[in-house]
Amino acid sequence: MSTGEQNRELIASLIRDVPDFPKPGIIFKDITPLLASAAGYRAAIVELAASAPAAIDVVVGMEARGFIFAGPVALELGAGFVPVRKPGKLPGDVYAQSFSLEYGHETLTVHTDAIAPGARVLVIDDVLATGGTVGATAALIKQLGAELVQVSVLMELGFLGGRAHLTSLGIDATSAVLRI
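Residues numbered from 1 in each chain as written. Predicted model: local features only at pLDDT ≥ 70, side-chain atom pairs only at ≥ 80, totals over all residues. Heavy atoms only, no water.

(A) Main features of the overall build of the protein chain. Helices and strands together make up the secondary structure of the protein chain, namely 6 helices and 9 strands. A compact globule built from 180 residues should have a C-alpha radius of gyration of about 16 Å, and the protein chain, at 16 Å, falls within 12% of that. Overall size of the protein chain, expressed as C-alpha extent along the three principal axes, is 45 × 40 × 30 Å. Here the analysis covers contacts within the protein chain between residues at least 6 apart in sequence; of these, 62% occur between residues at least 24 apart. (Helix = DSSP H or I, 4+ residues; strand = E, 2+ residues; numbered from the N terminus. Rg over C-alpha atoms; globule rule 2.2 N^0.38 Å. Contact = heavy atoms within 4.5 Å.)

(B) Unusual backbone geometry, seen in detail. Cis rather than trans, the peptide bond between Phe21 and Pro22 has omega equal to 5°. For Pro22, the location among the structural elements is in the loop between strand S1 (16-19) and strand S2 (27-30). Cis rather than trans, the peptide bond between Glu63 and Ala64 has omega equal to -5°. With respect to the element layout, Ala64 can be found in the loop between strand S3 (58-62) and helix H4 (65-77). Backbone geometry places Asp20, a non-glycine residue, at a positive phi of 60°. Within the secondary structure, Asp20 is located in the loop between S1 and S2. A positive phi angle, near 60°, is found at Ala55, a position not held by glycine. Within the secondary structure layout, Ala55 lies in the loop between helix H3 (38-50) and S3.

(C) Here's a closer look at the side chain of Asn7. The topology assignment puts Asn7 in helix H1 (residues 3-13). With residues up to four places along the chain from it excluded, the contact list for Asn7 reads Ala43, Val46 and Glu47.

(D) The arrangement of the packing of H1 against H3 in detail. For the pair H1 and H3, the least separation of the axes is 9 Å and the interaxial angle reads 130°. Here H1 lies oblique to H3, going by the angle between them. The way H1 lies across H3 gives a crossing that is left-handed. In contact with Thr3, Gly4, Asn7, Arg8, Leu10 and Ile11 of H1, H3 contributes Ala39, Gly40, Ala43, Ala44, Val46 and Glu47. (Axes fitted to C-alpha atoms, helices over the stretch in contact; angles between N-to-C directions. Parallel < 35°, antiparallel > 145°, perpendicular 65-115°, else oblique. Left-handed = near helix turned anticlockwise from the far one by under 90°.)

(E) The arrangement of helix H5 (residues 132-143) in detail. Across its 12 residues, H5 extends 17 Å between first and last C-alpha, which sits within 8% of the 16 Å expected from 1.5 Å per residue. For H5, a buried count of 9 out of 12 residues is recorded, marking the element as mostly surrounded by other parts of the structure. Along H5, the positions that sit buried rather than exposed are Gly132, Thr133, Val134, Gly135, Ala136, Thr137, Ala138, Leu140 and Ile141. One or two positions beyond H5, positive phi appears at Gly145, with a value near 80°. (Expected span 1.5 Å × (residues − 1). Buried < 20%, exposed > 50% of the residue type's maximum accessible area, 1.4 Å probe, protein only.)

What follows is the structure, given as structure tokens:
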């Protein structure tokens, strides 16, 4: 068994299903056991970094769980890290993008000078569900004049159609450590 296969098995074993959270009928994928395991967390960072294309300038992570993975991946790749936050969390001028979630609406923001035009950007998040969060983040990256070269997630919930939504937005380079 390859190291990548061993890492994926370890990661999968440390993600807990929580039925009926945050509402009835939803099975929440809880990553806290993964984060509590040094070996599991390291395996997740290694696998996310391994999926990255060459010459990434900036890794973008979205509030809040995206930060947990994007920062360490940026260090692993020798790239900068840029946080995409909820409204009111960033000082100074921001771009904002609203979108729909599985259970509501949200807005994300980024500093207007966070990424240089033309920079090669990797977006990292914990879960790809419907694609709303990543789609909004991609719109922010476009406003900054940067190039979104790939989206990498720890888990893809394929039954929610997120990858197809991203493809409809012109985002074709998407990878997932685990596809559920």
